[in-house]
Amino acid sequence: MKNNNIYTVIFVAVLCSVCAGLMALAYNELGDDIQANREYARIRAAVQALDLLAGQTHATPEAERAATKEAYKTLKPGKLGTLDVLRRADGAFVVEVKAVLRNGPMRAYMAFADDSGKKCLGFRVFAHQETGGLGAEIATNEEWIRQFSGLQLYEGKNTGMTILLKAGEVKTAPNMISGVTGASQTMRALGEALNLKIAAVADGGADYSQLVKLVFYKYIFDNHENATDYKPKTKEYKCKPGG
């Protein structure tokens, strides 16, 4: 009886070791695939934001993937002040935008026509945790995303853009876009991150996380909070090390 128990324990231990080894192997292989897909999502976002594949059609997803990677190779890494950018041959570029939205972190690329930061060419999200059908529309709704193509990023002397929150709200300025219905928290957080990046680009690539003089944006809600309007104001502020 005692020997049977020993054999059982040994068998279970060996079985657990084998299973653990197989799981580790599978995890390593799957982990490589996940990392590759994440990197491709980033590359694709940069290419799409700059519309590098405009007018092209691809017979298969594999063909599109190959074309996207080739297009990405034409972009030149560089700097605008403290900002890392990827430049197109004509000087247009993408810069990464990071934000914490309603459900978690978001990463995206915003494309600018030139260093003035006055015109947006496109916007593409490549990582987020927002809810499907609501906040996730910023990454999946092509009609909403197209609003960024050619968007003016200033109104009068004010640098920035406005994201309208109320469904059906009429755009009254060329720097306005419609928001996503039911995702006001996501829109507010996204608008803040976008406007801070726009201001940094317009200021020659300034690092607004480190400067003593920072540009802050406050929400101005028109018509009982149906719009987010970010107006820049400069304020003395002592940053802690690291931001």
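Small disclaimer: the values here were computed from a predicted structure and weren't measured.

## A look at the overall build of the chain
Link 1 in the chain: The helix and strand tally for the chain stands at five helices and 11 strands.
Link 2 in the chain: The 243 residues of the chain split such that 37% are buried.
Link 3 in the chain: Considering only residue pairs separated by 6 or more positions, the chain has 51% of its internal contacts joining residues 24 or more positions apart.
Link 4 in the chain: Only carbon and sulfur atoms are counted for the fraction: they give 55% of the accessible area of the chain, which is about 14,200 Å².

## A short note on unusual backbone geometry
Link 1 in the chain: In this structure, Asp51 takes a positive phi of about 55° despite not being glycine.
Link 2 in the chain: Checked against the element boundaries, Asp51 lands in the loop between helix H1 (2-49) and helix H2 (61-72).

## Considerations on the environment of Val95
Link 1 in the chain: By secondary structure assignment, the location of Val95 is in strand E3 (residues 93-100).
Link 2 in the chain: For the pair Val95 and Ala49, spaced 46 residues apart in sequence, the C-alpha separation works out to 10.0 Å.
Link 3 in the chain: When near neighbours in sequence (up to four residues on either side) are disregarded, Val95 contacts Leu83, Asp84, Val85, Ala108, Tyr109, Met110, Phe112, Lys197 and Val201.

## A word on the pattern of salt bridges
Link 1 in the chain: Summed over all chains, the structure comprises eight salt bridges.
Link 2 in the chain: The partner of Glu39 in a salt bridge is Arg42, with the nearest N and O atoms 2.6 Å apart. With Glu39 and Arg42 both in helix H1, this residue pair falls three residues apart, about one helical turn.
Link 3 in the chain: We classify Glu39 as partly exposed; its relative accessible area is 32%.
Link 4 in the chain: A relative accessible area of 15% places Arg42 in the buried class.
Link 5 in the chain: Where Lys79 meets Asp84, a salt bridge forms, and the shortest distance between an N and an O atom there is 2.8 Å.

## Let's talk about the side chain of Thr68
Link 1 in the chain: Relative to the assigned elements, Thr68 resides in helix H2.
Link 2 in the chain: Taking relative accessible area as the criterion, Thr68 reaches 1% and is therefore assigned buried.
Link 3 in the chain: Leaving out residues up to four positions away in the same chain, Thr68 has contacts with Tyr40, Ile43, Arg44, Val47 and Leu53.

## Looking at the sheet that holds strand E2 (residues 83-87)
Link 1 in the chain: Taken together, the five strands give an open sheet; going across it, the order is E1-E2-E3-E4-E5, and neighbouring strands pair in antiparallel fashion. If you trace the sheet from one side to the other, it starts and ends with strand E1 (76-80) and strand E5 (120-127), each paired once. Ignoring strand direction, the axes of neighbouring strands in this sheet form an average angle of 35°.
Link 2 in the chain: Alignment of E1 against E2, held across five bridges, turns out to be antiparallel. Paired with Gly78 across the two strands is Val85, which belongs to E2.

Conventions used here
Residues numbered from 1 in each chain as written. Predicted model: local features only at pLDDT ≥ 70, side-chain atom pairs only at ≥ 80, totals over all residues. Heavy atoms only, no water. Helix = DSSP H or I, 4+ residues; strand = E, 2+ residues; numbered from the N terminus. Buried < 20%, exposed > 50% of the residue type's maximum accessible area, 1.4 Å probe, protein only. Contact = heavy atoms within 4.5 Å. Areas by Shrake-Rupley, 256 points an atom, 1.4 Å probe, with all protein chains shown as cover. Salt bridge = Lys/Arg side-chain N within 4 Å of Asp/Glu carboxyl O. Pairing = 2+ DSSP bridges. Axes fitted to C-alpha atoms, helices over the stretch in contact; angles between N-to-C directions.

On their own, these measurements won't tell you what the molecule is for.
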